[in-house]
Amino acid sequence: GILAGLLMVAALCPLLGPATGMAADPPSPSWQVGYKATGYTFETQTPDGQTDGHHHHYHALSGSASGLAGGWLTLRGAARFAEAQDVSVNAAEQSKLYTGLLEARFTPGLKVQLGRQFVQSGVTNLTLDGALVNYRRDRSWDLTAFAGAKAPATKAFDLAKFDDQTALGARASYRPNTKWTVGLSTAYRESAGQIAERPVGVEIVTSALRDTRVFNAVMWNAIDSG
């Protein structure tokens, strides 16, 4: 239903091409790549005095390509790769995919993101394998909807299990003036095929007090007690 529909929209949007209203002079394509290598060497000793040496090597790679397809497509990714190593002593997950997404911006206020991404929207705070749509209008309305599945806790390269880790939600915020913003958000998440949470939240942000920004949020779980 909602999950399939949102994923279909996100998948088809890039085929539609940029909508009218985009900048007449789109930015030139650009790209950047970052690389970092880290090594750990240590020894462990058993109660009987036997000593073992351990060597862990990790390679972090990140990058992005923006301004593609006339300025409306962007690719982003960040991952960690590990060389073969001894996993018998508290070794972390070998390799991780933190982010890997395609972003399409059809108008200055409408964008769609498809892939692995970190979602922080109202009551939601998770790494998602799926699609997110965000629409902003006149700096007053900010609407977000997402659907997919929660990424593996280890951030492994394996795709999330859409059949039993479903995650979807939406958030709407309204800013009537420069001093007040009111938001409403809700979400739905499954774990092992069972309903894990259905949070609903309300948030209020104000800068009515001089040199002060006040944020207040209320959240509750809408899962039926029975």
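Note: the structure precedes this text.
Rules used in this analysis
Residues numbered from 1 in each chain as written. Predicted model: local features only at pLDDT ≥ 70, side-chain atom pairs only at ≥ 80, totals over all residues. Heavy atoms only, no water. Helix = DSSP H or I, 4+ residues; strand = E, 2+ residues; numbered from the N terminus. Buried < 20%, exposed > 50% of the residue type's maximum accessible area, 1.4 Å probe, protein only. Contact = heavy atoms within 4.5 Å. Areas by Shrake-Rupley, 256 points an atom, 1.4 Å probe, with all protein chains shown as cover. Phe/Tyr/Trp six-rings, centres within 6.5 Å; stacked < 30°, edge-to-face > 60°. Salt bridge = Lys/Arg side-chain N within 4 Å of Asp/Glu carboxyl O. Pairing = 2+ DSSP bridges. Patch = residues over 30% accessible without salt bridge, like charges linked within 9 Å, V, L, I, M, F, W, Y side chains within 5 Å.

How do you make sense of the overall build of the chain when you look at a structure like this?
A count of helical and extended segments in the chain gives one helix and twelve strands. Taken over 226 residues, the chain has a buried fraction of 30%. Here the analysis covers contacts within the chain between residues at least 6 apart in sequence; of these, 43% occur between residues at least 24 apart. When the accessible surface of the chain is split by element, carbon and sulfur atoms take 57% of a total near 13900 Å².

Can you help me understand the packing of aromatic side chains in this one?
Here the distance between the centres and the angle between the planes together describe a pair of aromatic rings. Taken as a whole and judged by the stated rule, the model has four aromatic pairs. Seen from their ring centres, Trp72 and Phe106 are 5.4 Å apart, and the 40° between their planes marks the pair as tilted. Within this pair, whereas Trp72 is found in the loop between strand S2 (51-68) and strand S3 (73-82), its partner Phe106 is found in strand S4 (residues 96-107), the two being separated by 34 residues in sequence. Of the two residues, Trp72 and Phe106, neither departs from the other in class, the shared state being buried. Ring centres 4.7 Å apart and planes at 35° place the aromatic pair Trp141 and Tyr174 in the tilted group.

Honestly, the pattern of salt bridges in this entry has me stumped. Any pointers?
Pairing of side chains with opposite charge becomes possible as their charged atoms draw close. As enumerated under the stated definition, the model contains eight salt bridges in all. Close ionic contact of Arg76 with Glu103 constitutes a salt bridge, the shortest N to O distance being 2.9 Å. On the criterion of sequence distance, the pair formed by Arg76 in strand S3 and Glu103 in strand S4 is long-range, its members being 27 residues apart. By relative accessible area, Arg76 is classed as partly exposed at 38%. With a closest N to O distance of 3.6 Å, Arg137 and Asp138 form a salt bridge. A cluster of three or more residues bridged by salt bridges with shared partners is formed by Arg76, Glu103 and Arg105.

What exactly am I supposed to notice about the pairing of strand S1 (residues 30-45) here?
In regular strands, side chains alternate between the two faces of the sheet. Relative to S2, S1 runs antiparallel, the two being bridged by 16 bridges. Residue Glu43 lies in a different strand from S2, and its bridge partner there is Gly53. Between the end of S1 and the start of S2, which pair antiparallel, lie five residues, with Gly49 showing a positive phi angle near 95°.

What is the right way to look at a nonpolar patch on the surface in this model?
Side chains of Trp180, Val182, Leu184, Val202, Ile204, Val218 and Trp220 sit close together on the surface and give an oily, nonpolar patch of about 610 Å² of accessible area. Elements represented by at least two residues in the nonpolar patch include exactly strand S9 (180-191), strand S11 (199-206) and strand S12 (214-221). Per-element tally for the nonpolar patch: the top contributor is S9, with three residues. Relative to the elements of secondary structure, Trp180 occurs in strand S9.

Note that every value here comes from positions in space, so none of it alone points to a role or purpose.
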